[in-house]
Amino acid sequence: MSGQAKLFAVQDAALTASALMAVDYIAAPPEISDYVTTLYHFRCDEPLIRDIQPASIGNLSLFPYGKGELQFPKGHRDPNHEIALMTPLSAACPMEVVGPFHSIGAALSPLGWAALTGLHAGQHRDRLYPAADVLGPEIAALGERLNADYRKGAITGREAALAIGDYIARTVRPIDPRHHNLIREVNRWLGTALNPSIDDLLARANYSQRQVQRLVERYFGLPPQALARKYRALRAAALLSLPQLSPEFEAELAEAFFDQSHMIREITRFVGRTPARLQDKTTPYLAEMIAPRNLRELEG
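Residues numbered from 1 in each chain as written. Predicted model: local features only at pLDDT ≥ 70, side-chain atom pairs only at ≥ 80, totals over all residues. Heavy atoms only, no water.

Asks: Account for the environment of Leu 240, with residues named and values stated.
Replies: Here Leu 240 lies in helix α9 (residues 224-240). C-alpha of Leu 240 to C-alpha of Leu 253: the two residues are 13 residues apart in sequence and 9.2 Å apart in space. (Helix = DSSP H or I, 4+ residues; strand = E, 2+ residues; numbered from the N terminus.)

The following block contains the structure:
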């Protein structure tokens, strides 16, 4: 077992029970559906929350309640600023928060990340930034107002999330049309199989191999092979969380990994849980996070 796997195995036993957490997923309005995979409102009112954030896309988040840290794969830690921009993650990340802990925000598609932030996802991956440092004073003023109103009970989590969506709608900027098309093709490529062929991506991309490597890392945070590895684990975890697998999906899983131990290592690395925990009925929050509908960026 790798050092990271041992860390997650120890932490897994001490995690806050997901049954104590609640999350509402709010469909992104049509005008931002290309940029946002979902809006959300999360809450847990325990005095101390320990959890693991699966490897994910970027998020724009408000934290009206709760102070803590996210630990990243290379060992550094960032605090959860009240108005935060979480960059795309390359692996699962443990977190510890003094509760109660509430989070409201938007999960950004790769296109949304680029159009909203303009940042190179690979150069900035695995960080939790103060959102104003990247997006400027408007998000700071909006976030402070929404957090204050939420604490007073003047607005609901849903209303705050939709206000974040409105901000994104008026703030995103167009990107190069050819790059936009490449993002779409990479999304489709990732969704074709658990182990998609790099040659297939190159055939779709209409760029040289070197350009594809560079642009995929720029927009998705990882080069193609590493990106496919991440989504193989996330999609496998989503399948294993289902009550029953079809023979077709069982065969696809068997072909996607060298053996069972390889599958366990990969899912642990990117999801932060062992496969045995994925079907645990006491972890509905985890099951919801990795549900296929919440990997909507793969639909292209």
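Asks: Give me the lowdown on the environment of Arg 235, citing residues and values where you can.
Replies: Considering the arrangement of structural elements, one finds Arg 235 in helix α9. As a C-alpha pair, Arg 235 and Leu 190 span 45 residues in sequence and 9.9 Å in three-dimensional space. In terms of polar contacts, Arg 235 uses its side chain to reach the backbone carbonyl oxygen of Ala 193, at 3.0 Å. (Polar contact = N/O pair within 3.5 Å; in protein donor to acceptor, adjacent residues only side chain to side chain.)

Asks: Describe in detail the side chain of Asp 149, supporting the description with residues and values.
Replies: With respect to the helices, strands and loops of the structure, Asp 149 is situated in helix α4 (residues 137-152). Take Asp 149: its relative accessible area is 17%, and that puts it in the buried class. Residue contacts for Asp 149: discarding those within four places in its chain leaves Ala 154 and Ile 155. (Buried < 20%, exposed > 50% of the residue type's maximum accessible area, 1.4 Å probe, protein only. Contact = heavy atoms within 4.5 Å.)

Asks: Tell me about the pairing of strand β2 (residues 36-44), and please be specific about residues and values.
Replies: Most of β2 is tucked away, with eight of its nine residues classed as buried. Bridge count for strand β1 (residues 22-26) against β2 is five bridges, and the pairing is antiparallel. Residue pairing in the sheet places Val 23 in a bridge with Phe 42 of β2. In the sheet, β2 pairs with strand β7 (residues 93-108) via eight bridges, with the strands oriented antiparallel. Across the sheet, the residue bridging to His 41 is Ile 104, located in β7. (Pairing = 2+ DSSP bridges.)

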